[in-house]
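Each chain, written out:
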Amino acid sequence: MNNLESVIWLGGPPGAGKTTVARLLARRHGLRRYHADAHTWHHRDRAIAAGHPGALRFEELPVPDRWSAPIEDRLAMSLHHERGPMIRDDLRALPAAPLTIAEGTPLTPTTVGDGRGLWLIPTPELRRARLDARDLRPGAGELYLRLGDEITAEVRRAGAETLVVDGTLTPQEVAAEVEDRFADLLADGPVATSRSERRHLLRYANRAVVDQYTAFFNRPWAQGLGTLSDAVVPFSCECAQDHCDEQVPLAVADFPAPPDATSPPLLSPTHTPGED
């Protein structure tokens, strides 16, 4: 079991680039990658079971009404603060080795506690530009901007460690900055080194995405919003190369079926036979 001492925490507002940086570092160093978004619906189910008003209202409202509700109601329905303890529970349930890099918007200073955390803080101009590029619903875009303001203010109040992102650095360069901040933890490890270990970690991250979409489409109100065959998402190439950052667009329904220990790795088409 994980006592959270083996967790590297990476937080920040929507649009900060957390997911990309975590993916690069996990691949480069042989880390487990925990993507909070992939656990959204499991967290919502826990909140529903606990009778949380925001979670219950989210499920009851028609989809369009969620995004036209007052911003304070949308913030409450996002479960932003409520998900922190659930994330800690998830991470405690993971093996202590190798190190886990946990990233996501709900990773606040309160969530991280005494752990080693870093928050990527995009400039207001970059944050808005990246959210605009996502072509979000108007209500969703407004909520994400508000969450960004809340996160930035909380991080500053806590005096937590930050890295300002203004768009002048490439994702690889930002990852190098983050890598430098966590150099001591990465050096101490433990990290995955064998091909089988690395493939297992990549499959863990990919399977979490499959579970995320499966849980979404299984919700009663999601009927008519598409299927797993319609959802084409980028999965990480499951080769064992530490320098590979290939993404494989694939319908969720076509992802290799479990058991994961015996199903073939998902490889980028750019890999030649035998090169994985």
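Residues numbered from 1 in each chain as written. Predicted model: local features only at pLDDT ≥ 70, side-chain atom pairs only at ≥ 80, totals over all residues. Heavy atoms only, no water.

A. Up close: the packing of helix α8 (residues 124–133) against helix α9 (residues 138–158). α9 packs onto α8 with a crossing angle of 150 degrees between their chain directions and a minimal axis gap of 10 Å. One finds that α8 runs roughly antiparallel with respect to α9. Judged by the twist between their axes, the crossing of α8 over α9 is right-handed. Contacts from R127, R128 and L131 in α8 reach G141, Y144, L145, G148 and D149 in α9. Here the contact of α8 with α9 is built from residues that sort into 3 nonpolar, 2 polar and 3 charged. (Axes fitted to C-alpha atoms, helices over the stretch in contact; angles between N-to-C directions. Helix = DSSP H or I, 4+ residues; strand = E, 2+ residues; numbered from the N terminus. Parallel < 35°, antiparallel > 145°, perpendicular 65-115°, else oblique. Left-handed = near helix turned anticlockwise from the far one by under 90°. Contact = heavy atoms within 4.5 Å. Nonpolar A, V, L, I, M, F, W, Y, C, P; charged D, E, K, R; others polar.)

B. The arrangement of the packing of aromatic side chains in detail. For the structure shown, the criterion picks out 7 aromatic pairs. When the ring of W41 is compared with that of F58, the centres are 6.2 Å apart and the planes differ by 45 degrees; the resulting orientation is tilted. Taken as a pair, W41 in helix α2 (residues 40–49) and F58 in helix α3 (residues 53–60) lie far apart in primary sequence, 17 residues in all. Like F58, W41 is buried. Considering the side-chain rings of F235 and F255, the 4.8 Å spacing of their centres and the 40 degrees angle between planes classify their relative orientation as tilted. Within this pair, whereas F235 is found in strand β6 (residues 232–236), its partner F255 is found in the segment after β7 (247–251), the two being separated by 20 residues in sequence. For the pair formed by F235 and F255, the shared burial category is buried. By way of ring pairs, the aromatic residues W41, F58, F216, F217 and W221 are connected into one cluster. (Phe/Tyr/Trp six-rings, centres within 6.5 Å; stacked < 30°, edge-to-face > 60°. Buried < 20%, exposed > 50% of the residue type's maximum accessible area, 1.4 Å probe, protein only.)

C. Structural context of the environment of A160. Topologically, A160 is positioned in the loop between α9 and β5 (162–165). Residues A160 and G117 lie 43 residues apart in sequence; the distance between their C-alpha atoms is 7.6 Å.

D. Region of the structure containing the side chain of R27. Tracing the backbone shows R27 in helix α1 (residues 18–29). Despite its burial, R27 pairs with no opposite charge, the nearest such side chain being D245 at 5.8 Å. Side-chain polar atoms of R27 contact the backbone oxygen of C237, separated by 2.3 Å. Discounting chain neighbours no more than four positions away, the residues touching R27 are R198, L202, S236, C237, E238, C239, A240, Q241, D242 and C244. (Lys, Arg positive; Asp, Glu negative; His and termini not counted. Salt bridge = Lys/Arg side-chain N within 4 Å of Asp/Glu carboxyl O. Polar contact = N/O pair within 3.5 Å; in protein donor to acceptor, adjacent residues only side chain to side chain.)

E. Seen up close, the pattern of salt bridges. Scanning the model with the defined rule gives 16 salt bridges in all. For D73, the salt bridge is made with R57, and the minimal N-O distance between the two is 3.1 Å. Of the two residues, D73 is situated in helix α5 (residues 71–77) and R57 in helix α3; the sequence distance between them amounts to 16 residues. Look at D73 and you get partly exposed, because its relative accessible area is 28%. R57 sits in the partly exposed class, given a relative accessible area of 33%. Its salt-bridge partner being E161, residue R181 comes within 3.0 Å of it at the nearest N-O pair.

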